[in-house]
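Coordinate analysis (summary)
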Amino acid sequence: MPAPILRRLDALRTATRPWILAGERIGVVPTMGALHDGHLSLVEAAKRTCDRVIVTIFVNPRQFNNPEDLKNYPRTETEDARKLERFNVDALWVPDGDQMYPAHFATTVSVTGLTDVMEGHFRPGHFDGVATVVTKLFTQTSASDAFFGEKDYQQLLVVRRMAADLDLPVTVHGCPTIREIDGLAMSSRNLLLSDRARTTAPVLHDVMEQIADGLRRGAAFDPLHAAAVARLDKAGFTGVDYLDLRAQDDLSALAAPTRPARLFAAAWLAGVRLIDNIAVGD
Ligand code: PAF
């Protein structure tokens, strides 16, 4: 069934008031639209866990550090609403811009530490934008539960830290990355890849799996890293922002997986920035 599309805060509050009074568990799935099976897996998890599910679609200008990226970000609202029909979600929250950032808006939520590296380093201001909008999405929807993909693992940790630090009564659930059959992590930005770049894109995941295999066999990280960067270069990637081995709890850099660790990558292919991460270990 098509869910009501709510664009104004008063309409959202009218919808959620009876749910809150009934003590129902409200799950929120925050998205920027261009929904793919990764998002839909979050909706499924929310449906399994909660009495009510709200999917939010808002392309948040404050988390884009590059105006071209914001301009090119795919916007497919009609198609998104259609994809959600079979899930019978309770509402789509698609706020008008002024409902999120009214005139004179002057508040920023900023998480330190976890945001110093990787995406925080290469996209200055990105996580301030994410933490601010997610705080607002949590409070606007009165969510008890929120569902995020591990594809954006650093974002997941930042949101968890923010919710804990601000005593927001929201359980933040991390859900596994959903991949295409060739290993490419699903992402709205994949829509921006040309056919040619799309055939090359899975090499990113492939080199990460190669590093993980090497580490499992006891090889040193640095030569594995160098071979991976060379392979990406040969395949046609035009730059690697990072290809890091980091602790999965606090993102500190590791030379070897001496504690639960993940490999994180961001690389450029035909003008599109792809990110991915995988667990390293048994
Ligand atoms: O992961 C995203 O799509 C966005 O960063 C989020 C969490 C919806 C905030 O705008």
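Criteria and cut-off values
Residues numbered from 1 in each chain as written. Predicted model: local features only at pLDDT ≥ 70, side-chain atom pairs only at ≥ 80, totals over all residues. Heavy atoms only, no water. UniProt positions renumbered as here; feature names shortened; annotations may be inferred. Helix = DSSP H or I, 4+ residues; strand = E, 2+ residues; numbered from the N terminus. Rg over C-alpha atoms; globule rule 2.2 N^0.38 Å. Contact = heavy atoms within 4.5 Å. Areas by Shrake-Rupley, 256 points an atom, 1.4 Å probe, with all protein chains shown as cover. Lys, Arg positive; Asp, Glu negative; His and termini not counted. Charge placed at Lys NZ, Arg CZ, Asp CG, Glu CD. Pairing = 2+ DSSP bridges. Axes fitted to C-alpha atoms, helices over the stretch in contact; angles between N-to-C directions. Parallel < 35°, antiparallel > 145°, perpendicular 65-115°, else oblique. Left-handed = near helix turned anticlockwise from the far one by under 90°. Nonpolar A, V, L, I, M, F, W, Y, C, P; charged D, E, K, R; others polar.

As recorded in an unreviewed UniProt entry, the protein goes by the name Pantothenate synthetase, listed as coming from Roseovarius azorensis. Of the comments in the UniProt record for the protein, the one headed Subcellular location (unreviewed entry) reads "Cytoplasm". For the protein, the Subunit (unreviewed entry) comment in UniProt is given as "Homodimer."

**Notes on the overall build of the protein**
The helix and strand tally for the protein stands at eleven helices and nine strands. In terms of C-alpha radius of gyration, the protein reaches 19 Å, essentially the compact-globule figure of 19 Å for 282 residues. Its C-alpha atoms give the protein principal-axis dimensions of about 60 × 40 × 40 Å. Considering only intrachain contacts with a sequence separation of at least 6, the fraction spanning at least 24 residues in the protein is 72%. When the accessible surface of the protein is split by element, carbon and sulfur atoms take 52% of a total near 13,200 Å². Measuring between centres, the 31 positive side-chain charges of the protein sit 2 Å from its 36 negative side-chain charges.

**Examining the sheet that holds strand β4 (residues 91-93)**
On the basis of which strands lie adjacent, the open sheet formed by six strands has the order β1-β4-β3-β2-β5-β6 and parallel pairing. Unpaired on one side and paired on the other, β1 (5-6) and β6 (171-175) mark the two borders of the sheet. Pairing analysis gives six bridges linking strand β2 (residues 26-31) to strand β3 (residues 52-57), with the strands arranged parallel. Among the inter-strand pairings, V28 is bridged to a residue of β3, identified as I54. Contacts from helix α8 (residues 153-165) reach β5 (145-149) and β6 within the one sheet, and its direction differs from that of β6 by about 170°.

**Some details on the packing of helix α7 (residues 126-141) against α8**
For the pair α7 and α8, interaxial distance at closest approach is 10 Å and the crossing angle is 55°. What the angle tells us is that α7 and α8 run oblique. The element α7 and its partner α8 pack so that their crossing is right-handed. Every residue of α8 that contacts α7 at F127, V130, A131, V134, T135 and F138 is listed here: Q154, Q155, V158, V159, M162 and A163. Across the contact of α7 with α8, the residue classes tally to nine nonpolar, three polar and no charged.

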